[in-house]
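Results of the structural survey
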Amino acid sequence: MFQNITIAKDIYYVGVNDRQKSKFENMIPLPNGVSYNSYLIIDEKIALIDTVDISFGNIFIDKIQSQLKDRKIDYLIINHMEPDHSGSIRLMRKYFPDMIIVGNNKTLGMVEGFYGLDDKILEIKDEQILSLGVHKLQFHFTPMVHWPETMMTYDQTVKVLFSGDSFGAFGNLDGAIVDTEMNVDKYWDEMARYYANIVGKYGAAVQKALKKLTPLPFEIICSTHGPVWKENITQVIDIYDQMSRYQGNEGVVIVYGSMYGITELMAETVAQGIAEVGIKEIIIHNVSKTDSSYIIRDIFKYRGLIVGSPTYSNELYPEVESLLRKIEIRGVKNRIFGYFGSFTWAGASVKRLETFMDTMKWKTAEISVEEKQGLKIDNYQACLELGRQVAILVKIPIIDEKHCG
Ligand code: FEO
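Residue numbering note: each chain is counted from 1, following its sequence as written. A pLDDT threshold of at least 70 governs which residues receive local features in this predicted model, and a stricter bar of 80 or more applies before side-chain atom pairs are shown or counted, although totals over entire chains, interfaces and linings include all residues. Heavy atoms throughout the structure, all of them, feed into the side-chain values; hydrogens and water do not.

Some remarks on the overall build of the protein
When its secondary structure is counted, the protein shows 12 helices and 23 strands. With respect to the principal axes defined by its C-alpha atoms, the protein has extents near 80 × 45 × 35 Å. The long-range fraction of contacts in the protein, counting pairs at least 24 apart against all pairs at least 6 apart in sequence, stands at 72%. When the accessible surface of the protein is totalled, it reaches about 17,300 Å², and 51% of it is carbon and sulfur. Across the protein, the 44 positively charged side chains and the 52 negatively charged ones have centroids separated by 2 Å. Counting from the N terminus, the helices are the DSSP runs of H or I reaching at least four residues and the strands are the DSSP runs of E reaching at least two. Contacts are assigned to residue pairs with any non-hydrogen atoms lying within 4.5 Å of each other. Only the protein chains shown count as cover for residues, and the accessible areas themselves come from Shrake-Rupley with a 1.4 Å probe. In this tally, Lys and Arg are treated as positive and Asp and Glu as negative; His is ignored, and so are the chain termini. Taken as the charge location is NZ of Lys, CZ of Arg, CG of Asp or CD of Glu.

So, the sheet that holds strand β13 (residues 136–141)
When DSSP finds two or more bridges between two strands, those strands count as paired. Sheet architecture is open: five strands sit in the order β12-β13-β14-β15-β16, paired in mixed fashion. Looking at which strands have only one partner, the edges of the open sheet turn out to be β12 (129–131) and β16 (220–223). Mean inter-strand twist for the sheet, computed between neighbouring axes without regard to direction, equals 25°. Across three bridges, the pairing between strand β14 (residues 151–155) and strand β15 (residues 160–164) is antiparallel. When the sheet's bridge partners are listed, Tyr154 is paired in β15 with Leu161. The convention used is that axes are lines fitted to C-alpha atoms, helices contributing only their stretch in contact, and that angles between N-to-C directions extend from 0 to 180 degrees.

What to know about the pattern of salt bridges
Salt bridge, as applied in this entry: a Lys or Arg side-chain nitrogen positioned within 4 Å of an Asp or Glu carboxyl oxygen. Applying the stated criterion to the full structure yields 21 salt bridges. Among the salt bridges present, the one from Asp174 reaches Arg19, with a minimum N-O distance of 3.1 Å. Of this pair, Asp174 sits in the loop between β15 and α5 (185–199) while Arg19 sits in the loop between β3 (16–18) and β4 (23–24), and the two are 155 residues apart along the sequence. According to the relative accessible area criterion, Asp174 is partly exposed, its value standing at 48%. Members of the salt-bridge network, linked through shared partners, are Asp189, Arg297, Asp298 and Lys301. Burial here depends on accessible area, computed with a 1.4 Å probe over protein chains only, as a share of the maximum for the residue type. Under 20% is buried, over 50% is exposed, and the range in between is partly exposed.

Some details on the domain arrangement of the protein
Along its sequence, the protein is carved into domain 1 (6–244) and domain 2 (251–392). Segmentation into domains, and thus their bounds, comes from an automatic or database assignment. Here domain 1 and domain 2 have C-alpha centroids that lie 38 Å from each other. If you look at where domain 1 meets domain 2, you find two salt bridges. Between Asp189 and Arg297 there is a salt bridge, with the nearest N and O atoms lying 3.9 Å from each other. Pairing of N or O atoms within 3.5 Å defines a polar contact, subject to two protein rules: one partner must be a possible hydrogen donor and the other a possible acceptor, and residues neighboring in sequence count only if both atoms are side-chain atoms. Linking domain 1 with domain 2 are six residue pairs in polar contact (both at pLDDT 80 or more), by the criterion used here. Going through the elements one at a time, β5 (28–29) and α5 are the ones with two or more residues in the side of domain 1 that touches domain 2. If you tally residues by element for the side of domain 1 that touches domain 2, the top one is α5, at six residues. For this scheme, ten residues count as nonpolar: Ala, Val, Leu, Ile, Met, Phe, Trp, Tyr, Cys and Pro. Four count as charged, namely Asp, Glu, Lys and Arg, and the remainder, Gly too, count as polar. Considering only residue class, the side of domain 1 that touches domain 2 consists of eight nonpolar, two polar and three charged.

Here is the structure:
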């Protein structure tokens, strides 16, 4: 029944949209859904690249069978084992009992661990080539982008890179699959949110992978999430390069928690100080209102970060504490930092923010602000100054290590 979309000669899109799940990994909101992309290569031998979340197993198998007619899958190539892509492996084996599962040593260990399959497997080595007939597939190991077993598969014949999670974005595919056939504007922020939250911890691994991919003359990127990239490849690679080097744009993110508006007023004042210096990108997030995945995205996008927190039970405001932990886990580098806080009878939040600053080893404004109870004129002025100081540091251009030999 299905007419699958052709991506390149002999390559068909057989992925699905998930418009039902509200949170990716049960944590990250999916207001526009997410696609699980899978691709079928029909040659003398037939290969399937990755599968989809098992919730969509029925529709997935129907799409595949529409393309195969009466033929069978010879190889299932697994670029990544996270269950949003590996979830239908066992189902595939039931439909195609002779199908050979292709992966590296780490992948195959996980295939057995997750799905109990240890027969009809082919372990491949880095840069090994598998011929399907006309199509020659070369495997490139890219560990920790996003799991240890992660690899990419390059079709040398039609210059298509099957990149796994890399270069993926949240968001369903609304009719078209390839970027040339759609307005891609809505995917850029969702690519950044995907990167920052899912892959963000592994910047060094992404840099290594990008260097490894540089010699490959690929003309199409088939990721496991979001659009297939043809005409936006340069921009997509640039986004990954910039984010994995933690190189933020000129702008400042202010994140605050506030129970009764005092820390919020301080945040507004700090923002005014930033604007005075001429920074135009100022993003203010109330940590109790905005999901942290959007805040983390913006922290990856911009160089400046200022955090404000009231003291709560002699600690940081809990939502601020949780956000700081997420930043620490991702090892975000090269940020310009500022901080402020408020308390009623005994201040603790600013001390804790100071400890966070020491942990992150970022460049920091000389001034920090701590107010007792309502905001008063001295600290109002200090908040303006905090904003100015961070803004001035943000305006100093960062030396691009990539171009320094
Ligand atoms: Fe889309 Fe790391 O799985």
